[in-house]
Amino acid sequence: MNQQRTLESYPQSMRDEVQRARQEVADLHAELPRYELVVWTAGNVSQRVRHPEVADGSQDLFVIKPSGVSYDDLTPESMVVCTLDGQLLEGEHAPSSDTAAHAYTYEHMPEVGGVVHTHSTYATAWAARGEDIPCVLTMMADEFGGPIPIGPFAIIGDDSIGRGIVATLRESRSPAVLMANHGPFTIGKDARAAVKAAVMCEEVARTVHIAQQLGDPQPIDPTKIDSLYERYQNVYGQ
Ligand SMILES: O=C(CO)[C@@H](O)[C@H](O)COP(=O)(O)O
(Lines give C-alpha, C1' and ligand atoms only; values in the text may rest on other atoms or scores of the structure.)
Protein backbone atom coordinates (compact mmCIF):
# COMPACT_ATOMS: atom_id res chain seq x y z
CA MET A 1 0.00 0.00 0.00
CA ASN A 2 1.35 3.44 -0.82
CA GLN A 3 2.31 4.90 2.52
CA GLN A 4 1.05 8.47 2.93
CA ARG A 5 4.31 10.45 3.06
CA THR A 6 4.82 12.81 5.97
CA LEU A 7 7.49 15.43 6.60
CA GLU A 8 8.95 13.04 9.16
CA SER A 9 9.92 10.72 6.30
CA TYR A 10 12.36 13.37 5.01
CA PRO A 11 15.91 13.70 6.38
CA GLN A 12 16.58 16.17 9.18
CA SER A 13 18.49 18.41 6.74
CA MET A 14 15.29 18.79 4.68
CA ARG A 15 13.14 19.39 7.75
CA ASP A 16 15.55 22.13 8.83
CA GLU A 17 15.24 23.76 5.39
CA VAL A 18 11.45 23.58 5.63
CA GLN A 19 11.53 25.35 9.00
CA ARG A 20 13.71 28.11 7.56
CA ALA A 21 11.32 28.49 4.61
CA ARG A 22 8.32 28.67 6.96
CA GLN A 23 9.95 31.66 8.70
CA GLU A 24 10.97 33.39 5.45
CA VAL A 25 7.57 32.95 3.80
CA ALA A 26 5.72 34.11 6.92
CA ASP A 27 7.95 37.20 7.14
CA LEU A 28 7.65 38.00 3.44
CA HIS A 29 3.84 38.05 3.55
CA ALA A 30 4.13 41.22 5.66
CA GLU A 31 5.70 42.95 2.64
CA LEU A 32 2.49 42.63 0.58
CA PRO A 33 0.29 44.91 2.76
CA ARG A 34 3.36 47.04 3.53
CA TYR A 35 3.69 47.90 -0.19
CA GLU A 36 -0.13 48.03 -0.55
CA LEU A 37 -0.19 45.11 -3.00
CA VAL A 38 -3.13 43.30 -1.33
CA VAL A 39 -6.37 43.90 0.54
CA TRP A 40 -7.99 41.56 3.13
CA THR A 41 -6.52 38.07 2.52
CA ALA A 42 -5.93 38.40 -1.22
CA GLY A 43 -2.57 37.30 -2.55
CA ASN A 44 -0.02 34.72 -1.48
CA VAL A 45 3.70 33.90 -1.34
CA SER A 46 5.48 30.55 -1.57
CA GLN A 47 9.05 29.27 -1.57
CA ARG A 48 10.53 26.07 -2.98
CA VAL A 49 12.50 23.89 -0.55
CA ARG A 50 15.14 21.99 -2.49
CA HIS A 51 15.94 18.51 -1.19
CA PRO A 52 19.64 18.68 -0.20
CA GLU A 53 20.22 15.01 -1.15
CA VAL A 54 18.10 14.66 -4.33
CA ALA A 55 19.48 16.98 -7.02
CA ASP A 56 16.87 16.29 -9.73
CA GLY A 57 14.22 18.28 -7.85
CA SER A 58 11.82 15.35 -7.73
CA GLN A 59 11.72 15.45 -3.92
CA ASP A 60 11.47 19.20 -3.55
CA LEU A 61 8.67 20.70 -1.49
CA PHE A 62 7.25 24.19 -1.17
CA VAL A 63 5.90 26.30 1.67
CA ILE A 64 2.83 28.45 1.03
CA LYS A 65 0.35 30.63 2.88
CA PRO A 66 -2.80 29.05 4.39
CA SER A 67 -5.96 30.01 2.50
CA GLY A 68 -8.02 32.94 3.76
CA VAL A 69 -5.97 33.62 6.91
CA SER A 70 -5.50 37.29 7.84
CA TYR A 71 -2.00 38.61 7.23
CA ASP A 72 -1.91 39.68 10.90
CA ASP A 73 -2.37 36.05 11.95
CA LEU A 74 0.26 34.48 9.68
CA THR A 75 3.08 32.73 11.56
CA PRO A 76 5.80 30.24 10.54
CA GLU A 77 3.73 27.51 12.17
CA SER A 78 0.62 28.42 10.16
CA MET A 79 2.43 28.03 6.84
CA VAL A 80 1.55 24.93 4.83
CA VAL A 81 4.06 22.47 3.34
CA CYS A 82 3.14 20.92 -0.02
CA THR A 83 4.64 18.50 -2.51
CA LEU A 84 5.29 19.64 -6.09
CA ASP A 85 2.01 18.08 -7.23
CA GLY A 86 0.23 20.47 -4.90
CA GLN A 87 -0.70 17.98 -2.20
CA LEU A 88 -0.65 19.02 1.43
CA LEU A 89 2.22 17.36 3.29
CA GLU A 90 2.12 19.18 6.60
CA GLY A 91 -0.05 21.94 8.03
CA GLU A 92 -3.04 22.59 10.23
CA HIS A 93 -4.73 24.76 7.60
CA ALA A 94 -5.81 24.26 4.00
CA PRO A 95 -3.18 25.69 1.61
CA SER A 96 -3.76 28.76 -0.54
CA SER A 97 -6.43 28.46 -3.23
CA ASP A 98 -3.63 29.21 -5.70
CA THR A 99 -1.54 26.23 -4.57
CA ALA A 100 -2.05 24.41 -7.89
CA ALA A 101 -0.68 27.42 -9.81
CA HIS A 102 2.38 27.66 -7.58
CA ALA A 103 2.93 23.88 -7.76
CA TYR A 104 2.68 23.75 -11.56
CA THR A 105 5.17 26.60 -11.83
CA TYR A 106 7.70 24.85 -9.57
CA GLU A 107 7.19 21.53 -11.36
CA HIS A 108 7.77 22.98 -14.84
CA MET A 109 10.30 25.74 -14.11
CA PRO A 110 13.05 24.10 -11.95
CA GLU A 111 14.97 27.38 -11.77
CA VAL A 112 12.09 29.05 -9.92
CA GLY A 113 12.49 29.21 -6.15
CA GLY A 114 9.66 31.59 -5.25
CA VAL A 115 6.18 32.48 -6.53
CA VAL A 116 3.97 35.43 -5.55
CA HIS A 117 0.42 36.37 -6.51
CA THR A 118 -1.25 39.69 -5.76
CA HIS A 119 -4.19 41.76 -6.95
CA SER A 120 -2.25 45.03 -6.82
CA THR A 121 -4.34 47.82 -8.28
CA TYR A 122 -2.48 49.10 -11.32
CA ALA A 123 -1.05 45.77 -12.44
CA THR A 124 -4.52 44.22 -12.09
CA ALA A 125 -6.03 47.09 -14.07
CA TRP A 126 -3.58 46.33 -16.89
CA ALA A 127 -4.61 42.64 -16.57
CA ALA A 128 -8.25 43.69 -17.00
CA ARG A 129 -7.32 45.60 -20.17
CA GLY A 130 -5.55 42.56 -21.62
CA GLU A 131 -2.53 44.61 -22.68
CA ASP A 132 1.19 44.06 -22.03
CA ILE A 133 2.85 46.86 -20.06
CA PRO A 134 5.26 48.32 -22.66
CA CYS A 135 8.93 48.68 -21.77
CA VAL A 136 9.18 52.49 -21.65
CA LEU A 137 11.15 52.86 -18.36
CA THR A 138 14.74 51.97 -17.56
CA MET A 139 13.42 50.39 -14.34
CA MET A 140 11.40 47.99 -16.54
CA ALA A 141 14.46 47.14 -18.63
CA ASP A 142 16.42 46.54 -15.38
CA GLU A 143 13.94 44.23 -13.65
CA PHE A 144 11.80 42.81 -16.46
CA GLY A 145 14.12 42.90 -19.49
CA GLY A 146 11.26 44.11 -21.68
CA PRO A 147 7.46 44.39 -21.52
CA ILE A 148 5.45 42.72 -18.75
CA PRO A 149 3.34 40.20 -20.66
CA ILE A 150 -0.33 39.39 -20.43
CA GLY A 151 -1.16 35.73 -19.74
CA PRO A 152 -4.34 33.87 -20.77
CA PHE A 153 -7.65 34.00 -18.94
CA ALA A 154 -7.78 30.99 -16.62
CA ILE A 155 -10.23 30.08 -13.88
CA ILE A 156 -8.94 28.98 -10.46
CA GLY A 157 -9.51 25.34 -9.51
CA ASP A 158 -7.05 23.27 -11.52
CA ASP A 159 -3.62 23.81 -13.12
CA SER A 160 -4.99 26.19 -15.81
CA ILE A 161 -3.50 29.27 -14.15
CA GLY A 162 -0.16 27.49 -13.68
CA ARG A 163 -0.13 26.45 -17.32
CA GLY A 164 -0.76 30.05 -18.36
CA ILE A 165 2.00 31.37 -16.10
CA VAL A 166 4.58 28.89 -17.40
CA ALA A 167 3.60 29.21 -21.08
CA THR A 168 3.86 33.00 -20.89
CA LEU A 169 7.03 33.36 -18.79
CA ARG A 170 8.91 30.78 -20.85
CA GLU A 171 8.64 33.23 -23.76
CA SER A 172 9.81 36.27 -21.79
CA ARG A 173 12.63 37.54 -19.58
CA SER A 174 9.99 39.06 -17.32
CA PRO A 175 9.58 37.60 -13.81
CA ALA A 176 6.00 38.90 -13.87
CA VAL A 177 2.93 37.89 -15.87
CA LEU A 178 -0.44 39.65 -15.79
CA MET A 179 -3.02 36.83 -15.91
CA ALA A 180 -5.92 38.23 -17.93
CA ASN A 181 -8.79 39.63 -15.85
CA HIS A 182 -7.14 38.32 -12.69
CA GLY A 183 -3.83 39.86 -11.64
CA PRO A 184 -0.04 39.53 -11.48
CA PHE A 185 1.91 36.38 -10.69
CA THR A 186 5.66 36.75 -10.21
CA ILE A 187 8.58 34.34 -9.93
CA GLY A 188 12.13 34.56 -8.63
CA LYS A 189 15.17 32.58 -7.53
CA ASP A 190 13.57 32.66 -4.08
CA ALA A 191 10.43 34.10 -2.49
CA ARG A 192 12.15 37.41 -1.70
CA ALA A 193 13.05 37.92 -5.37
CA ALA A 194 9.46 37.12 -6.37
CA VAL A 195 8.13 39.64 -3.81
CA LYS A 196 10.53 42.26 -5.21
CA ALA A 197 9.21 41.55 -8.72
CA ALA A 198 5.64 42.02 -7.46
CA VAL A 199 6.55 45.36 -5.85
CA MET A 200 8.33 46.58 -9.00
CA CYS A 201 5.51 45.31 -11.24
CA GLU A 202 2.97 47.46 -9.40
CA GLU A 203 5.33 50.46 -9.41
CA VAL A 204 5.90 50.42 -13.18
CA ALA A 205 2.24 49.60 -13.90
CA ARG A 206 1.28 52.78 -12.08
CA THR A 207 3.99 54.94 -13.68
CA VAL A 208 3.29 53.77 -17.23
CA HIS A 209 -0.45 54.31 -16.69
CA ILE A 210 0.24 57.91 -15.57
CA ALA A 211 2.61 58.42 -18.51
CA GLN A 212 -0.16 57.32 -20.88
CA GLN A 213 -2.48 59.94 -19.34
CA LEU A 214 0.13 62.60 -20.17
CA GLY A 215 0.84 61.53 -23.72
CA ASP A 216 2.57 58.77 -25.68
CA PRO A 217 5.34 57.08 -23.68
CA GLN A 218 8.45 56.61 -25.79
CA PRO A 219 9.72 53.06 -26.30
CA ILE A 220 13.33 52.21 -25.42
CA ASP A 221 15.60 50.85 -28.15
CA PRO A 222 15.81 47.02 -27.71
CA THR A 223 19.62 47.10 -27.67
CA LYS A 224 19.48 49.60 -24.79
CA ILE A 225 16.98 47.34 -22.96
CA ASP A 226 19.42 44.44 -23.29
CA SER A 227 22.29 46.57 -21.97
CA LEU A 228 20.27 47.86 -19.02
CA TYR A 229 19.01 44.35 -18.17
CA GLU A 230 22.48 42.79 -18.26
CA ARG A 231 23.91 45.53 -16.04
CA TYR A 232 21.12 45.39 -13.48
CA GLN A 233 20.97 41.60 -13.31
CA ASN A 234 24.75 41.11 -13.15
CA VAL A 235 26.39 44.27 -11.76
CA TYR A 236 23.88 46.26 -9.66
CA GLY A 237 24.02 46.07 -5.92
CA GLN A 238 26.49 44.44 -3.58
O1 LIG B 1 -7.05 35.20 -6.64
C2 LIG B 1 -7.51 34.57 -5.72
C3 LIG B 1 -8.92 34.13 -5.73
O4 LIG B 1 -9.45 34.45 -6.98
C5 LIG B 1 -6.65 34.26 -4.53
O6 LIG B 1 -5.34 34.72 -4.81
C7 LIG B 1 -7.10 34.95 -3.27
O8 LIG B 1 -7.10 36.28 -3.48
C9 LIG B 1 -6.16 34.58 -2.13
O10 LIG B 1 -6.47 33.28 -1.86
P11 LIG B 1 -5.75 32.48 -0.66
O12 LIG B 1 -4.27 32.45 -0.94
O13 LIG B 1 -6.06 33.23 0.63
O14 LIG B 1 -6.41 31.11 -0.73
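Analysis parameters
Residues numbered from 1 in each chain as written. Predicted model: local features only at pLDDT ≥ 70, side-chain atom pairs only at ≥ 80, totals over all residues. Heavy atoms only, no water. Helix = DSSP H or I, 4+ residues; strand = E, 2+ residues; numbered from the N terminus. Rg over C-alpha atoms; globule rule 2.2 N^0.38 Å. Buried < 20%, exposed > 50% of the residue type's maximum accessible area, 1.4 Å probe, protein only. Contact = heavy atoms within 4.5 Å. Areas by Shrake-Rupley, 256 points an atom, 1.4 Å probe, with all protein chains shown as cover. Lys, Arg positive; Asp, Glu negative; His and termini not counted. Charge placed at Lys NZ, Arg CZ, Asp CG, Glu CD. pLDDT = per-residue confidence, 0-100. Expected span 1.5 Å × (residues − 1). Arc of directions from axis to C-beta. Near = heavy atom within 4 Å. Polar contact = N/O pair within 3.5 Å; in protein donor to acceptor, adjacent residues only side chain to side chain. Nonpolar A, V, L, I, M, F, W, Y, C, P; charged D, E, K, R; others polar. UniProt positions renumbered as here; feature names shortened; annotations may be inferred. Pairing = 2+ DSSP bridges. Axes fitted to C-alpha atoms, helices over the stretch in contact; angles between N-to-C directions.

Caption draft 1: Representation of the overall build of the chain. Across its full length, the chain carries eight helices and eight strands. The C-alpha atoms of the chain give a radius of gyration of 18 Å, which matches the 18 Å a tight globule of 238 residues would have. Here the chain, with 238 residues, has 50% of them falling under the buried criterion. For the chain, restricting intrachain contacts to residue pairs at least 6 apart in sequence, the fraction spanning at least 24 positions comes to 66%. When the accessible surface of the chain is totalled, it reaches about 11,800 Å², and 50% of it is carbon and sulfur. Charge centroids of the chain, computed over 18 positive and 33 negative side chains, lie 3 Å from each other.

Caption draft 2: Local environment of the confidence of the model for the chain. With 98% of its residues at a pLDDT of 70 or more, the chain shows a mean pLDDT of 96. Here the predicted complex scores 0.96 on pTM and 0.94 on ipTM.

Caption draft 3: A look at helix H1 (residues 12–29). Its 18 residues give H1 an end-to-end C-alpha distance of 26 Å, which sits within 8% of 26 Å, the value for a rise of 1.5 Å per residue. Those residues of H1 not exposed but buried are Met14, Val18, Ala21, Arg22, Val25, Ala26, Leu28 and His29. Buried residues of H1 fall within an arc of 160 degrees about the axis and therefore sit on the same side. Where H1 is buried, its residues touch helix H2 (31–34), strand S1 (44–49), strand S2 (61–64), strand S3 (80–83), strand S4 (88–90) and helix H7 (191–214).

Caption draft 4: Expanded view of the site of the ligand. Around the ligand, the surrounding shell holds 13 residues, and the nearest of these are Ser67, Ser96, Ser97, Asp98 and His119. Measuring from an oxygen atom of the ligand, one finds a side-chain N or O atom of Asn44 at 2.9 Å. Here an oxygen atom of the ligand and a side-chain polar atom of Asp98 are 2.5 Å apart. Burial of the ligand by the surrounding chains reaches 80%, relative to a free accessible area of 380 Å². Residues that form the shell around the ligand fall into these classes: one nonpolar, ten polar and two charged.

Caption draft 5: View of the UniProt feature "domain: Class II aldolase/adducin N-terminal" (unreviewed entry) in the chain. Here the UniProt-annotated "domain: Class II aldolase/adducin N-terminal" (unreviewed entry) positions come out as residues 23–209. In residues 23–209, the share of helix is 35% and the share of strand is 18%. The end C-alpha atoms are 36 Å apart.

Caption draft 6: Representation of the environment of Met140 in the model. Along the chain, Met140 turns up in helix H5 (residues 138–144). Along the backbone, Met140 and Ser174 are 34 residues apart, and their C-alpha atoms lie at a distance of 9.1 Å. Those residues within four positions of Met140 in sequence are excluded, and the remaining contacts are Ile133, Pro134, Cys135, Gly145, Gly146, Pro147, Ile148, Val204 and Val208.

Caption draft 7: Region of interest: the sheet that holds strand S8 (residues 183–188). Strand order in this open sheet of eight strands is S4-S3-S2-S1-S5-S8-S7-S6, and the pairing throughout is mixed. In the strand order of this sheet, the two ends are held by S4 and strand S6 (150–151), each with one partner. As paired strands, strand S5 (residues 114–117) and S8 are joined by four bridges and run antiparallel to one another. If you follow Gly114 over to S8, its bridge partner there is Gly188. Across the face of the sheet, H7 comes into contact with S1, S5, strand S7 (176–179) and S8 while running at roughly 140 degrees to S8.

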